[in-house]
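In case you want the letters, here they are:
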Amino acid sequence: MIRNLIYTIFLFFIVTNHTFAQEKVVFIDINFIFQNSIVGKELNEQIAKKEKEINLEIKKFKNDIEVEKNEITSQKNVISSEEYNKKIKILETKIKEMNNLISKKRNELNKFKKNVEKSFSKELNLIIEKYSTENSIDMILDKSNLLMARKELNITQQVINLFNENVKEINIK
């Protein structure tokens, strides 16, 4: 009885290992492809340019507000309190308007980033799908979700080469 049980368990492990050995599983570093592919670099530059424009606008706005605030403060003793309060309210209104504008631009930037990621992922998925079909790959995992794997299972470089060959530009909607 025990002998049969041990024999059954032994057979189960052999068959299970044989079944798993036939599946081809690899992994890919999607972030690396986004950062280092030709199109990915261009998209990252567009994002960085938009972020830089927003940051410059914020910096200019802060400097302008600071100058105006100092000007109003220096006039505090010269002008009437009514005029002073009026100028302060105007300044506060400018600050609120600019904060709304900055918030709007940041939201637009976030939408742009999402559209970039979506469009890039769509193109990359087509390349990965083609690669997996041609190479009889059963499963492709993202490197960020792996704890450990053999380096030979990393297909990132092959996919980035295919991506660079086949995708020359991505139009963002």
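For the structure, check the block above.
Please read all numbers here as calculations on a predicted model, not as lab measurements.

Rules and cut-offs
The residue count restarts for each chain, going from 1 along the sequence in the order it is written. For this predicted model, a pLDDT threshold of at least 70 governs which residues receive local features, and a threshold of 80 or more governs which side-chain atom pairs are given and counted, while totals over whole chains, interfaces and linings are taken from all residues. As a convention, hydrogens and water are excluded, and side-chain values are obtained from all of the structure's heavy atoms. In this text, helices come from DSSP runs of H or I with a minimum length of four residues, and strands from runs of E with a minimum of two, each type numbered from the N-terminal end. Here's how the labels work: a residue is buried when its accessible area is under 20% of the maximum for its type, exposed when over 50%, partly exposed in between, all with a 1.4 Å probe on protein chains only. Residues are treated as being in contact if the distance between any of their heavy atoms lies within 4.5 Å. Working definition of accessibility: Shrake-Rupley area with a 1.4 Å probe, residue cover restricted to the visible protein chains. Ring pairs are drawn from Phe, Tyr and Trp, using the six-membered ring of Trp, whenever the two centres fall within 6.5 Å, and their geometry is named by plane angle: stacked under 30 degrees, edge-to-face over 60, tilted for the rest.

Asker: Describe the overall build of the protein, with residues and values.
Answerer: In terms of helices and strands, the protein carries 5 helices and 2 strands. Counting over 173 residues, the protein shows a buried share of 24%. Sequence separation of at least 24 residues holds for 85% of the intrachain contacts in the protein that already meet a minimum separation of 6. Only carbon and sulfur atoms are counted for the fraction: they give 54% of the accessible area of the protein, which is about 13,400 Å².

Asker: So what's going on with the side chain of Ser-119? Which residues, and what values?
Answerer: Topologically, Ser-119 is positioned in helix H4 (residues 81–134). On the accessibility criterion, Ser-119 (15% relative accessible area) is buried. Residues contacting Ser-119, with those up to four places away along its chain left out, are Ile-170, Asn-171 and Ile-172.

Asker: Break down helix H5 (residues 156–166) for me, citing the residues and quoting the values.
Answerer: Turning to H5, its buried residues are Thr-156, Val-159, Ile-160, Leu-162, Phe-163 and Asn-164. Looking at the buried side of H5, the elements it contacts are strand S1 (25–28), helix H2 (30–36), helix H3 (38–74) and H4.

Asker: Explain the packing of aromatic side chains residue by residue, including any values.
Answerer: Following the criterion strictly, the structure yields 2 aromatic pairs and no others. For the ring pair Phe-34 and Phe-120, a centre distance of 4.8 Å and an interplane angle of 80° mean the geometry is edge-to-face. Of this pair, Phe-34 sits in helix H2 while Phe-120 is found in helix H4, placing the two residues 86 residues apart along the sequence. The exposure classification of Phe-34 matches that of Phe-120, with both residues buried. With 5.0 Å between their ring centres and 55° between their planes, Phe-120 and Phe-163 make a pair best called tilted. Of this pair, Phe-120 sits in helix H4 while Phe-163 sits in helix H5, and the two are 43 residues apart along the sequence.

It is worth stressing that arrangement in space is one thing and function is another; only the former is reported here.
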